[in-house]
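Overview (structure and organization)
The residues making up each chain are set out below.
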Amino acid sequence: MPASTPPPRLTPAPAALSRTAPAGRAVSLADVASLAGVSPGTVSRALSRPDMVQPDTRQRVREAAERLGYVANGAARALAMRRTATVGALIPRFGGSSFPSMVQALESTLAEHGYTLLLSAPDHARARDPALLRTLLERGVDAVALLGSDHPPAFHAMLAAHPRPCVRLWGAPDGPGPCVTFDEGAAIDAIVDHLAALGHRRLAFIGGRVADNERARWRRHGLLQAVARRGMTLADDAMIECDYGFREGHVAMQALLARRLPVTATLCGNDYLAAGALSALHAAGWEVPRRMSLAGFNDNDFAPFLQPPLTTVRVPIAEMGERAGLYLVDALAGRAPAAPALLAAGLVARGSTGEAPRG
């Protein structure tokens, strides 16, 4: 029998960082400083304001803190600094959506500058509950990020009574306060222009519930305007509202097919709906795009891997989170952040759209 492969050798820890936590007492900041070979002030900056410390020193401090199991006294630090180094975000969940990518970019950007994100992610039924924002403020967050522009008066009253940096994500550009967003109308125009150039004149639309979601309202309103400007048709019975999700898109497309409408292309409010709609078309034996063209919105990671690959609008989802994080970091540092500029969104044409069928 062949000799068994020996287990891989682990790289030994540097001698300077090989000690363990002192026995019998809590690990202090001075212990970490001693193990890392730096001053206690450097340890404090490396852990709370990492952008102020050289990368190699920052890494050495982090390794020492991890080896000793060091946990800072957050309450004491917050009391001394009059800051908690936290940012509160209120981002409701709307089924299958792209919000996780935006939140991840926001969290990563804040973490690079020493801030922790406290996320409140209620379902849409509770999204306007003032208790959600009140809880974040009670936690002492240094800044706030809110999704959209449609917030109840109680939100504005609380933020006015407890002023701190605040930014909105994916909201109306002309709403109250700074907002990191993109030109929704231009994005809609791009996809409608694409379908019009392919000869499509009668469209269907599967979108989110407009009563619950301002982005769904903008998308539907922008689509109706774009269609009307081009002399195209989007009849009331060719529009279906539903929750965002694969199953919901599948069921909605089944309903459209059952109505036997003379449409040649369907636009979906996001890629999750489009993926579900595509599966319903496949199940019904409809060839895409020969018999029906299909387009989505957001350009999620899975869009290029559907069969056929999905035509969609690429929305700067992660960039919105990153830009919002940088805006808050500047504001918290006492710098006057510039008003966020509109980000770009553009068409990504793939195999799910083609020329309108004749006859």
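Structure first, text after, so check above.
Source: prediction; values computed, not measured. (Residues numbered from 1 in each chain as written. Predicted model: local features only at pLDDT ≥ 70, side-chain atom pairs only at ≥ 80, totals over all residues. Heavy atoms only, no water.)

A few words on the overall build of the chain. Helix and strand counts for the chain stand at 12 helices and 11 strands. Buried residues in the chain amount to 47% of all 359 residues. Sequence separation of at least 24 residues holds for 71% of the intrachain contacts in the chain that already meet a minimum separation of 6. On the chain, roughly 17,700 Å² of surface is accessible, and the fraction owed to carbon and sulfur atoms is 54%. (Helix = DSSP H or I, 4+ residues; strand = E, 2+ residues; numbered from the N terminus. Buried < 20%, exposed > 50% of the residue type's maximum accessible area, 1.4 Å probe, protein only. Contact = heavy atoms within 4.5 Å. Areas by Shrake-Rupley, 256 points an atom, 1.4 Å probe, with all protein chains shown as cover.)

Time to look at the packing of helix 10 (residues 246-258) against helix 11 (residues 271-283). When two helices pack together, their arrangement is given by the angle between the helix axes and by the axis-to-axis distance. At a minimum axis distance of 6 Å, the contact between helix 10 and helix 11 shows a crossing angle of 50 degrees. With respect to their mutual orientation, helix 10 and helix 11 come out oblique. Crossing angle aside, the handedness with which helix 10 passes helix 11 is right-handed. Of the residues in helix 11, those touching helix 10 at F246, E248, G249, H250, M253, Q254 and L257 are Y272, L273, A275, G276, A277, S279, A280 and L281. (Axes fitted to C-alpha atoms, helices over the stretch in contact; angles between N-to-C directions. Parallel < 35°, antiparallel > 145°, perpendicular 65-115°, else oblique. Left-handed = near helix turned anticlockwise from the far one by under 90°.)

A separate point is the environment of V141. Looking at where V141 falls in the secondary structure, it is placed in the loop between helix 6 (130-138) and strand 3 (143-147). Among residues more than four places away in sequence, those in contact with V141 are T84, T86, V87, G88, L118, L136 and R164.

What follows concerns the sheet that holds strand 8 (residues 265-268). Spatial strand order, 7-6-8-9: 4 strands in an open sheet with parallel pairing. If you trace the sheet from one side to the other, it starts and ends with strand 7 (239-241) and strand 9 (293-295), each paired once. The mean inter-strand angle of the sheet, taken between neighbouring strand axes irrespective of direction, is 15 degrees. (Pairing = 2+ DSSP bridges.)

Applying the stated rule across the entire model yields 2 cavities of 30 Å³ or more. Counted as a void, the second largest cavity has a volume near 30 Å³. Those elements giving two or more residues to the lining of the second largest cavity turn out to be strand 6 (203-207) and strand 7. In the lining of the second largest cavity, the residues fall into 4 nonpolar, 2 polar and 2 charged. (1 Å grid on protein atoms, 1.4 Å probe; cavity = no way out; pocket = protein on both sides within 12 Å on 5 of 7 lines; lining within 4 Å. Points joined across faces, edges and corners; volume = space filled by probe spheres on them. Nonpolar A, V, L, I, M, F, W, Y, C, P; charged D, E, K, R; others polar.)

Counted by the stated rule, this structure contains 0 disulfides. For the unlinked cysteine C242, the closest cysteine sulfur is that of C268, found at 8.3 Å. (Disulfide = S-S within 2.5 Å.)

Moving on, we come to the nonpolar core. If you look at the biggest cluster of nonpolar residues, it comprises 74 residues, and the most contacted ones within it are W170, I206, M253 and L294. The residues touching L294, leaving out its near neighbours within four places in the chain, are M253, T266, C268, A274, A277, L278, L281, V288, L310, T311, S352 and T353. Formed by 14 residues, the second largest nonpolar core is a distinct cluster that contains L35, A46, V53 and L68. (Core = buried A, V, L, I, M, F, W, Y, C linked by side-chain atoms within 4.5 Å.)

Moving on, we get to the packing of helix 8 (residues 184-197) against helix 9 (residues 214-229). Running from amino to carboxyl end, helix 8 crosses helix 9 at an angle of 50 degrees, the nearest separation of the two axes being 9 Å. One finds that helix 8 runs oblique with respect to helix 9. Crossing geometry of helix 8 relative to helix 9 is assigned as right-handed. Here E184, I188, D189 and V192 of helix 8 come into contact with helix 9, specifically with W218, R219, G222, L223, A226, V227 and R229. Considering only residue class, the contact of helix 8 with helix 9 consists of 6 nonpolar, 1 polar and 4 charged.

Turning to the side chain of T353, a few remarks are in order. Mapped onto the secondary structure, T353 falls in the segment after strand 11 (346-348). Within the local environment of T353, its side chain forms a polar contact with the side chain of T311, the two groups lying 2.8 Å apart. Those residues in contact with T353 that sit more than four places away from it in its chain are H194, L195, L198, P289, S293, L294, A295 and T311. (Polar contact = N/O pair within 3.5 Å; in protein donor to acceptor, adjacent residues only side chain to side chain.)

Here the bond from V288 into P289 is cis, since omega is 10 degrees, no more than 30 degrees from zero. As for its position among the elements, P289 is in the loop between helix 11 and strand 9. Look at the link from Q307 to P308: it is a cis peptide, with omega at -5 degrees. Tracing the backbone through its elements, the reader meets P308 in the loop between strand 9 and strand 10 (312-314). Backbone geometry places W170, a non-glycine residue, at a positive phi of 55 degrees. Mapped onto the elements of the fold, W170 is located in the loop between strand 4 (166-169) and strand 5 (179-180). Its identity as a non-glycine residue notwithstanding, N298 has a phi of 110 degrees, on the positive side. By secondary structure assignment, the location of N298 is in the loop between strand 9 and strand 10. By relative accessible area, N298 is classed as buried at 5%.

Keep in mind that these numbers describe shape and distance, not what the molecule does.
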